[in-house]
There are 2 protein chains.
Amino acid sequence: MTAHPIAANDGGSPDRREEVLAAAAECFMRRGYEATSMDDVADMLGATKGRVYHHFRSKPELFFEVFRRAISILAREAGVHETGPGTAAARLRRMARAHVLCMMETQTFQRNLTLGVDLYRFGETSAEHRATLEELMDLRRAYEDAFRRTFAAGKADGSLAAPDPSLAMRTLLGAINWVAVWYSPRHGETRAHRETLADGIVDQVLQGYLA
Amino acid sequence: MTAHPIAANDGGSPDRREEVLAAAAECFMRRGYEATSMDDVADMLGATKGRVYHHFRSKPELFFEVFRRAISILAREAGVHETGPGTAAARLRRMARAHVLCMMETQTFQRNLTLGVDLYRFGETSAEHRATLEELMDLRRAYEDAFRRTFAAGKADGSLAAPDPSLAMRTLLGAINWVAVWYSPRHGETRAHRETLADGIVDQVLQGYLA
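What counts, and where the lines are drawn
- Residues numbered from 1 in each chain as written.
- Chains lettered and ligands numbered in written order.
- Predicted model: local features only at pLDDT ≥ 70, side-chain atom pairs only at ≥ 80, totals over all residues.
- Heavy atoms only, no water.
- Helix = DSSP H or I, 4+ residues; strand = E, 2+ residues; numbered from the N terminus.
- Rg over C-alpha atoms; globule rule 2.2 N^0.38 Å.
- Buried < 20%, exposed > 50% of the residue type's maximum accessible area, 1.4 Å probe, protein only.
- Contact = heavy atoms within 4.5 Å.
- UniProt positions renumbered as here; feature names shortened; annotations may be inferred.
- Least-squares fit on C-alpha atoms with pLDDT ≥ 70 in both.
- Phe/Tyr/Trp six-rings, centres within 6.5 Å; stacked < 30°, edge-to-face > 60°.
- Lys NZ or Arg CZ within 6 Å of the ring centre and 35° of its normal.
- Salt bridge = Lys/Arg side-chain N within 4 Å of Asp/Glu carboxyl O.
- Buried area = accessible area lost by both parts, 1.4 Å probe.
- Polar contact = N/O pair within 3.5 Å; in protein donor to acceptor, adjacent residues only side chain to side chain.
- 1 Å grid on protein atoms, 1.4 Å probe; cavity = no way out; pocket = protein on both sides within 12 Å on 5 of 7 lines; lining within 4 Å.
- Points joined across faces, edges and corners; volume = space filled by probe spheres on them.
- Nonpolar A, V, L, I, M, F, W, Y, C, P; charged D, E, K, R; others polar.
- Axes fitted to C-alpha atoms, helices over the stretch in contact; angles between N-to-C directions.
- Parallel < 35°, antiparallel > 145°, perpendicular 65-115°, else oblique.
- Left-handed = near helix turned anticlockwise from the far one by under 90°.

## Examining the overall build of chain A
Helix and strand content of chain A: 10 helices and 0 strands. In terms of overall size, chain A behaves like a compact globule, its C-alpha atoms giving a radius of gyration of 18 Å where 211 residues would be expected to give roughly 17 Å. Overall size of chain A, expressed as C-alpha extent along the three principal axes, is 55 × 45 × 30 Å. Among the 211 residues that make up chain A, the fraction classed as buried is 53%. Summarising the internal contacts of chain A: among those between residues at least 6 apart in sequence, 67% fall at separations of at least 24.

## Description of the UniProt feature "DNA-binding region" (unreviewed entry) in chain A
With numbering matched to this structure, UniProt assigns "DNA-binding region" (unreviewed entry) to residues 37–56 of chain A. With 75% helix and 0% strand, the stretch residues 37–56 of chain A has end C-alpha atoms that lie 13 Å from each other.

## A look at helix 2 (residues 38–45) of chain A
Of all the residues in helix 2 of chain A, the buried ones are Met38, Asp40, Val41, Ala42 and Leu45 of chain A. Glycine 46 of chain A lies just past helix 2 of chain A and shows a positive phi near 65 degrees.

## Some details on the relation of the copies chain A and chain B
Each copy of the sequence occupies a distinct position, and chain A is placed on chain B by a rotation of 180 degrees and an axial shift of 0.0 Å, giving an RMSD of 0.0 Å. Taken together, these values place the two copies in the relation of a two-fold axis. Of every C-alpha in chain A, the one belonging to glycine 208 of chain A sits nearest the axis of rotation, 1.6 Å from it. By residue overlap, the copies meet face to face through one surface: 100% of the interface positions of chain A are interface positions in chain B.

## With respect to the packing of aromatic side chains
Inspection of every chain in the model, using the stated rule, returns 13 aromatic pairs over all chains. Aromatic pair tyrosine 33 of chain B and phenylalanine 63 of chain B: ring centres 5.0 Å apart, planes at 65 degrees, arrangement edge-to-face. Remark: phenylalanine 63 of chain B occurs in helix 4 (residues 59–77) and tyrosine 33 of chain B occurs in the loop between helix 1 (13–31) and helix 2 (38–45); sequence separation between them is 30 residues. Each member of the pair, tyrosine 33 of chain B as well as phenylalanine 63 of chain B, carries the same accessibility label: buried. A cation over an aromatic ring shows up here: lysine 59 of chain A above the ring of tyrosine 33 of chain A, its NZ or CZ 4.4 Å from the ring centre.

## Quick look at the pattern of salt bridges
Residues and elements named next belong to chain A. Under the criterion given, the structure shown has 42 salt bridges over all chains. The residue arginine 148 makes a salt bridge to aspartate 145 at a minimum N-O spacing of 2.8 Å. Pair noted here: arginine 148 and aspartate 145 are both in helix 7 (residues 127–157), with a separation of 3 residues, about one helical turn. Overall, the relative accessible area of 29% leaves arginine 148 in the partly exposed class.

## Notes on the environment of glutamine 207 of chain B
In this fold, glutamine 207 of chain B is placed in the segment after helix 10 (191–206). A sequence separation of 160 residues divides glutamine 207 of chain B from alanine 47 of chain B, and the C-alpha atoms of the two residues are 48 Å apart.

## Quick look at the interface of chain A and chain B
Listed as interface residues are 33 residues of chain A and, on the opposing side, 33 residues of chain B. Across the chain A/chain B interface, buried area totals approximately 3100 Å², and carbon plus sulfur atoms make up 59% of it. Considering only the surface of chain A that becomes buried against chain B, Phe122, Trp178 and Gln204 of chain A emerge as the three largest contributors, covering 22% of it. The tally of links from chain A across to chain B stands at 4 salt bridges. A salt bridge links arginine 111 of chain A to aspartate 118 of chain B; its shortest N-O distance comes to 2.7 Å. For the interface between chain A and chain B, the tally reads 7 residue pairs in polar contact (both at pLDDT 80 or more).

## Some details on the layout of surface pockets
Gaps left between atoms show up when a probe the size of a water molecule is rolled over them. Put simply, the second largest pocket is a space of about 760 Å³. Together, 26 residues line the second largest pocket, and Arg170 of chain A together with Trp182, Tyr183, Ser184 and Arg186 of chain B are the ones closest to its centre. At the level of elements, helix 6 (107–122), helix 7 and helix 8 (165–177) of chain A together with helix 9 (179–182) and helix 10 of chain B are the ones that each hand at least two residues to the lining of the second largest pocket. By residue number, the principal contributor to the lining of the second largest pocket is helix 8 of chain A, which donates 6 residues. Here the residues of the lining of the second largest pocket are counted per class, giving 11 nonpolar, 5 polar and 10 charged.

## Let's talk about the UniProt feature "domain: HTH tetR-type" (unreviewed entry) in chain A
Under the UniProt annotation, the feature "domain: HTH tetR-type" (unreviewed entry) is placed at residues 14–74 of chain A. The distance from the first to the last C-alpha atom of residues 14–74 of chain A is 21 Å, and the span holds 80% helix and 0% strand.

## Digging into the side chain of arginine 51 of chain B
Residues and elements named next belong to chain B. Of note, arginine 51 is situated in helix 3 (residues 49–55). Reaching out from arginine 51, the side chain makes a polar contact with the side chain of glutamate 19 at a distance of 2.8 Å. Those residues in contact with arginine 51 that sit more than four places away from it in its chain are Arg16, Glu19, Val20 and Leu45.

## Focus: the packing of helix 5 (residues 88–105) of chain A against helix 10 (residues 191–206) of chain A
All names here are of chain A. Interaxial distance between helix 5 and helix 10 falls to 9 Å at its minimum, and their mutual angle equals 130 degrees. In terms of orientation, helix 5 and helix 10 fall into the oblique class. The interaxial crossing formed by helix 5 with helix 10 has right-handed handedness. On helix 10, the residues touching Leu92, Arg93, Ala96, Arg97, Val100, Leu101, Met104 and Glu105 of helix 5 are Arg191, Arg194, Glu195, Leu197, Ala198, Asp199, Ile201, Val202, Asp203 and Leu206. Of the residues contributing to the contact of helix 5 with helix 10, the split by class is 10 nonpolar, no polar and 8 charged.

So, in structure tokens, the structure goes:
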């Protein structure tokens, strides 16, 4: 996980693909899905449109990959703690802390999740793209469900006190998702600064769910 | 406050202006600021572009008015409770509850607040528009400050237990702002249903801040 996904790189093709993906995430976040063109992504990279098309056939395909990446980062960094040691409260804390760090360190990707939900709800898409969007919404739901299950587990093991696990999942995720809206890295900020901020956020937020 | 701001209306000019504003809020929410054109707003209204221009000179002006309206609704419905009776915790509860109801009932307008922050951070605007955006960010900050002050007041009167009022303001607002992202009205839903849902959300969220 890196704070600056657009790294200088003149190496092989997989890294080039990553650069295109990171530039696209930045463009979509700044201008929205509809207004972003493949030209914008190329401009952000300082490259030709051909380079973008070399890796992704179309704008929807590029956007879907950004969305998929955002969710897979969350699943790998945060969702994975669902099955860790300790009480449900301890696991929830590790999940929430890692989620907050993802919001900070892969902010451009994470902001694309809301855009994807809006595209799903309001966008006019082909049947093929609609099917992909359905699949992406399922991935997002599966990730969020880890939080819902952990709230339910915490009711069972007595470590969490949320009467409604679904509502708790929504309010907790709202508080921590919002970090991607307000967070802006400070000059000279380190990982340690972000961890301290994440601890403060999680301490405050979890307070309302502990038994 | 109305759940369906695009009301059928063939009356005088003030109502016509309201309809244009509501249609614009809907367009910006669906497609983003950049991708929305005055034509889109006219199409959403089923009217000519001339009718849109009759009330608003330009797209930025129309967007700024949507943003201003979103904040003034929040200030009028929720911010006003800052000076009500009871403890800071009681006032915070009334503010948060009204805020959640605004997220539900004027969702299209409220979603434009995040778009405005993005436009402020990332948009390329003229000096004149930049000055207006600064003013709008100040309005938003002034509204959020009511929450910060109430957390500080709650520390003083012993009714709230948030160690850091600024962080508490951000995490609480995140949890309740997120309602505008996930909420979708159910068929046949009434004001009473929304109030019950708002009470559940606020009960859960405030739990973490009470002394």
